[in-house]
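Listed below are the residues making up each chain.
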Amino acid sequence: MSDMKPMPETSPNSPERRRFISAATVAAGVTLVPGVMLIEVAHGRPEDQPASSAVRWGMLVDATKCAAGCDECVSACSTENGWTPVAESKHPKQAPQWIRKLELQDPLTQMETNLPMMCQHCAEPPCVDVCPTGASFKRADGIVLVNRHTCIGCRYCMMACPYKARSLVHEPLNDTQKPDVPRGIGCVEACTFCVQKVDRGDGTTACVEACTAAGHNALVFGDMNDPESEISRRLRELPTKQVRADLNLNLGVRYHGI
Amino acid sequence: MAGKIKRLLALGAVVLTTAALAWAGSDDQPKAGGAPKPVITKAAKGEQCVEPNDFMRRNHMKVLLHHRDETVLEGIRTKKYSLKECINCHASEKTGSVAASKDDFCVSCHSYAAVKIDCFDCHSTKPQGSMAMHPLNAETAHYAHKLAAQADRKISAEDMAGIAQ
């Protein structure tokens with residue numbers, strides 16, 4: 001029981017192998033209508049395998065496609081992860097915001113930009129640096145998480161985060177949580193890149209699914225280490241920015257059109 | 001020191017519990033000489049546990065805590081010792097939960113042995129899929145309309161026609 005599984009010497013997720021597998025899966029997938037695949041190519045890994053550092057999950061936000069007044073990504077996140085949206089909360093100032101919509105306006109030109117803001121899944125996360133218990137951590141595949149089993153609710157990480165991405169659960173949740181997404185009073189929480197979905201092999205997040213279903217296609221999720229992934233392709237083509245790039249945090253969320 | 005005594009007491013309680021259970025079998029209200037015993041609500045699913053009963057009685061906390069760290073820190077998602085799976089099998093048919101009433105699976109033994117766990121401050125006590133059965137849960141009621149709209153949108157008649165071709 002106390003024997004932790006050793007990391008395999010040669011990673012089963014080496015880029016070559018993955019590239020080969022994804023090529024093979026694409027060939028095996030049945031194309032029904034152009035663009036519609038019956039067998040979705042997801043980044044499933046066997047359930048007994050730990051997350052691998054060969055993968056780095058990331059998201060591309062195309063702010064030019066992000067619609068004013070639309071909050072599909074926010075409500076999809078709230079539904080998937082079971083947090084009460086600000087508008088429904090009895091204490092709006094304390095309400096959790098795993099993701100929120102921002103409307104920016106250039107004071108000189110009046111140009112408006114819409115974008116979702118959430119945990120940027122930094123490669124060098126300040127929240128991890130300041131955590132006194134080690135509860136704030138970065139998983140091998142780049143997802144920044146709070147281990148709620150060791151979080152003491154001190155909120156240093158909330159102070160350290162340049163993106164105001166984290167919130168504290170102030171109220172008992174009285175068994176209203178989703179079975180797949182435990183969360184609870186006295187702990188800090190934030191966007192998990194839908195780790196429960198990623199580990200299931202869905203290869204996407206609730207917000208991305210909702211944005212795509214709504215026809216905006218402003219969000220792309222995928223493996224930034226895999227040169228064949230859609231996100232890598234789009235990142236190669238589009239000029240993108242990191243928010244507060246001056247902090248040198250190497251973000252997992254990249255924005256186009258800001 | 002106090003912790004040690006508590007542990008010893010609790011361990012004693014496990015031994016007592018185990019002995020009593022072995023003696024009482026799966027009786028609904030096991031009683032030994034009039035003294036109340038914990039109720040073991042029968043698992044709703046499965047013929048047997050993930051390990052033999054006597055191992056689980058003594059060691060369920062160890063396997064749970066070990067699996068917890070493997071899952072959260074490393075992303076290992078095996079089902080065997082997953083808390084979600086315990087709940088899927090052990091939720092009572094009456095309450096649909098492992099910890100809603102005093103006779104529910106994760107409650108009765110613990111109150112008998114004076115063990116307090118905080119797992120259900122965060123973890124749902126109900127099996128997966130049960131949220132969908134209660135669309136008017138307080139926290140998700142405001143999404144009922146959105147969920148319905150999404151269900152409509154996901155597969156349209158055109159999509160179906162496209163697939164059939």
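Residues numbered from 1 in each chain as written. Chains lettered and ligands numbered in written order. Predicted model: local features only at pLDDT ≥ 70, side-chain atom pairs only at ≥ 80, totals over all residues. Heavy atoms only, no water.

## Observations regarding the pattern of salt bridges
Logical step 1: Counted under the stated rule, the structure contains 19 salt bridges over all chains.
Logical step 2: In this structure, Arg148 of chain A and Glu189 of chain A form a salt bridge, with 4.0 Å as the shortest nitrogen-oxygen distance. Residue Arg148 of chain A is found in the loop between strand E7 (144–146) and helix H4 (156–160), and its partner Glu189 of chain A is found in strand E9 (residues 188–189); the two are separated by 41 residues along the sequence.
Logical step 3: For the salt bridge of Glu51 of chain B with Lys80 of chain B, the shortest nitrogen-to-oxygen distance reads 3.0 Å. Of this pair, Glu51 of chain B sits in the loop between strand E2 (35–36) and helix H2 (53–74) while Lys80 of chain B sits in the loop between H2 and helix H3 (83–90), placing them 29 residues apart in sequence.
Logical step 4: The class for Lys80 of chain B is partly exposed, based on a relative accessible area of 42%. (Salt bridge = Lys/Arg side-chain N within 4 Å of Asp/Glu carboxyl O. Helix = DSSP H or I, 4+ residues; strand = E, 2+ residues; numbered from the N terminus. Buried < 20%, exposed > 50% of the residue type's maximum accessible area, 1.4 Å probe, protein only.)

## Digging into the confidence of the model for chain B
All names here are of chain B.
Logical step 1: With 58% of its residues at a pLDDT of 70 or more, chain B shows a mean pLDDT of 73.
Logical step 2: Segment residues 18–27 is flagged for pLDDT under 50; beyond a separation of four residues in sequence, or across chains, it makes 8 contacts in the model.
Logical step 3: In the predicted complex, the global pTM is 0.81; the interface-specific ipTM is 0.80. (pLDDT = per-residue confidence, 0-100. Contact = heavy atoms within 4.5 Å.)

## What about the pairing of strand E4 (residues 99–105) of chain A?
Logical step 1: By the bridge criterion, 7 bridges tie E4 of chain A to strand E5 (residues 112–118) of chain A in an arrangement that is antiparallel. Bridge pairing links Leu104 of chain A to Thr113 of chain A in E5 of chain A. (Pairing = 2+ DSSP bridges.)

## Description of the nonpolar core
Logical step 1: Formed by 49 residues in total, the largest nonpolar core has its most connected members in Met59, Ile99, Tyr163, Phe193 and Leu219 of chain A.
Logical step 2: In contact with Met59 of chain A, other than residues within four places in its own chain, are Met118, Phe193, Thr205, Cys207, Val208, Leu219, Val220, Phe221, Ile231, Gly252, Val253 and Arg254 of chain A.
Logical step 3: Leu83, Ile87, Val98 and Cys106 of chain B belong to the second-largest nonpolar core, a separate cluster that totals 6 residues. (Core = buried A, V, L, I, M, F, W, Y, C linked by side-chain atoms within 4.5 Å.)

## Here we look at the environment of Cys70 of chain A
Residue and element names in this part refer to chain A.
Logical step 1: One can find Cys70 in the loop between strand E3 (57–62) and helix H2 (72–81).
Logical step 2: Judged by relative accessible area, Cys70 falls into the buried class, the value being 18%.
Logical step 3: For the pair Cys70 and Lys164, spaced 94 residues apart in the sequence, the C-alpha separation amounts to 21 Å.
Logical step 4: Among residues more than four places away in sequence, those in contact with Cys70 are Lys101 and His216.

## A closer look at the sheet that holds E3 of chain A
Within a sheet, neighbouring strands are paired by backbone hydrogen bonds and run either parallel or antiparallel to one another.
Residue and element names in this part refer to chain A.
Logical step 1: Across the sheet, 3 strands lie side by side as E10-E3-E11; this open sheet has mixed pairing. Looking at which strands have only one partner, the edges of the open sheet turn out to be strand E10 (219–223) and strand E11 (253–256). Looking at each pair of strands side by side, their axes are set apart by 20° on average, direction ignored.
Logical step 2: Inspection of the sheet shows E3 paired to E10 by 5 bridges, in the antiparallel sense. When the bridges of E10 are listed, Gly58 appears paired with Gly222. (Axes fitted to C-alpha atoms, helices over the stretch in contact; angles between N-to-C directions.)

## As for the pairing of E5 of chain A
Logical step 1: For E5 of chain A, the buried fraction is high: 6 of the 7 residues fall into the buried class.
Logical step 2: Counting the residues in the hairpin turn of E4 of chain A and E5 of chain A gives 6 residues, including Gln110 of chain A, whose phi is positive at 70°.

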